[in-house]
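Notes for the structure review
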Amino acid sequence: MSRVLNGIVAVCPDLGIGNHGNLPWHPVRLSNEFKHFRTMTATSSVTGKQNVVIMGRKTWFSIPEKNRPLNNRINIVLSRQCKAPPAGVHHLVSDFSSALRLVDTELADQADQVWVIGGSSLYKEMMESPGPRRLFVTRILKQFDCDTFLPEINPDKYRLLPKFPGVPEELQEENGIQYRFEVYESKEQ
Ligand SMILES: NC(=O)c1ccc[n+]([C@@H]2O[C@H](COP(=O)([O-])OP(=O)(O)OC[C@H]3O[C@@H](n4cnc5c(N)ncnc54)[C@H](OP(=O)(O)O)[C@@H]3O)[C@@H](O)[C@H]2O)c1
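The present account deals with the structure reproduced in this document. Since we're looking at a predicted model, the values are computed, not measured.

Pairs of aromatic rings are described using the distance from one ring centre to the other and the angle between the two planes. The full count for this structure, using the stated rule, is five aromatic pairs. For the pair Y179 and F181, a centre-to-centre distance of 5.6 Å together with 75 degrees between the ring planes defines the contact as edge-to-face. Overall, the relative accessible area of 0% leaves Y179 in the buried class. What makes F181 buried here is its relative accessible area of 9%. Taken together through their ring pairs, the aromatic side chains of W115, F136 and F164 make up a single cluster.

One finds I54, I76, F96, M127, L150 and I153 to be the most contacted residues of the largest nonpolar core, which totals 29 residues. In contact with I153, other than residues within four places in its own chain, are M127, L135, V137, R139, Y158 and Y184.

Turning next to the pairing of strand β6 (residues 111-116). Remark: a regular strand shows side chains that alternate across the two faces of the sheet. When you tally the buried positions in β6, you get five out of six residues, the bulk of the element. Note that strand β3 (residues 50-56) and β6 share four bridges and pair parallel. Bridging from a neighbouring strand, V52 pairs with V114 of β6.

Within strand β11 (residues 177-186), eight of the 10 residues are buried, leaving the element largely enclosed by the surrounding structure. Two elements, strand β7 (residues 133-140) and β11, share seven bridges in a ladder whose sense is antiparallel. In the sheet register, F136 faces β11, and the bridge partner there is V183. As judged from the three bridges shared by strand β9 (residues 158-160) and β11, these two strands associate in the antiparallel manner. Note that in β11 the partner of R159 across the bridge is E185. Pairing of strand β10 (residues 172-174) with β11, which is carried by three bridges, proceeds in the antiparallel orientation. Its bridge partner being in β11, E173 is matched across the sheet by Q178. The turn joining β10 and β11, which pair antiparallel and follow one another in sequence, is formed by two residues; a positive phi near 50 degrees is taken by N175.

What counts and how
- Residues numbered from 1 in each chain as written.
- Predicted model: local features only at pLDDT ≥ 70, side-chain atom pairs only at ≥ 80, totals over all residues.
- Heavy atoms only, no water.
- Phe/Tyr/Trp six-rings, centres within 6.5 Å; stacked < 30°, edge-to-face > 60°.
- Buried < 20%, exposed > 50% of the residue type's maximum accessible area, 1.4 Å probe, protein only.
- Core = buried A, V, L, I, M, F, W, Y, C linked by side-chain atoms within 4.5 Å.
- Contact = heavy atoms within 4.5 Å.
- Helix = DSSP H or I, 4+ residues; strand = E, 2+ residues; numbered from the N terminus.
- Pairing = 2+ DSSP bridges.

Structure, rendered in structure tokens:
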């Protein structure tokens, strides 16, 4: 079986994921939601290997400088314009297929799971890629202003799993904001 491509995203009811370069609910912090993101993306199942996070340039710069690069993960950033990796970036690539090729060649001995962490166009490429994919979605049950969106999750291509190891099933609440975790799997495996 080929490598599973994972995506992880937190979305408002209208599928909004960002506003003015930040999360829609900024400055409210959803610490446990962030912990979920960290646990899922940073936990490698293979001793001596690290997971890979793939993101667009704007998502990279949306991460507070002190938290870049995301620790214990190999950080790959996509840009068509950057000529050299911004400070802290491990690998800069100019398109999505180059990112996956890098993982399967130069990084093959170091890389375990691959996680696409945003933004919009990267999610679209990940969701439309061939092969097995999993999408970890946090449904934020409150609407905030958004200018950046997740593409629709096509029910012909993805099924919602009833449960997934390590992902809480019960309704979550932080700072008065309710949310729940969902995991979708591509029907194509
Ligand atoms: N809610 C969530 O879970 C979540 C997750 C991630 C991000 N966000 C939010 O989403 C927003 C950022 O996302 P975004 O969609 O605006 O931007 P983005 O995808 O992070 O970055 C866009 C930039 O990435 C590069 N890029 C994207 N696709 C590429 C491709 N296929 N090949 C080469 N380069 C590519 C381009 O950089 P150049 O212009 O340099 O060529 C493009 O301008 C922020 O508000 C952030 O907070 C939210």
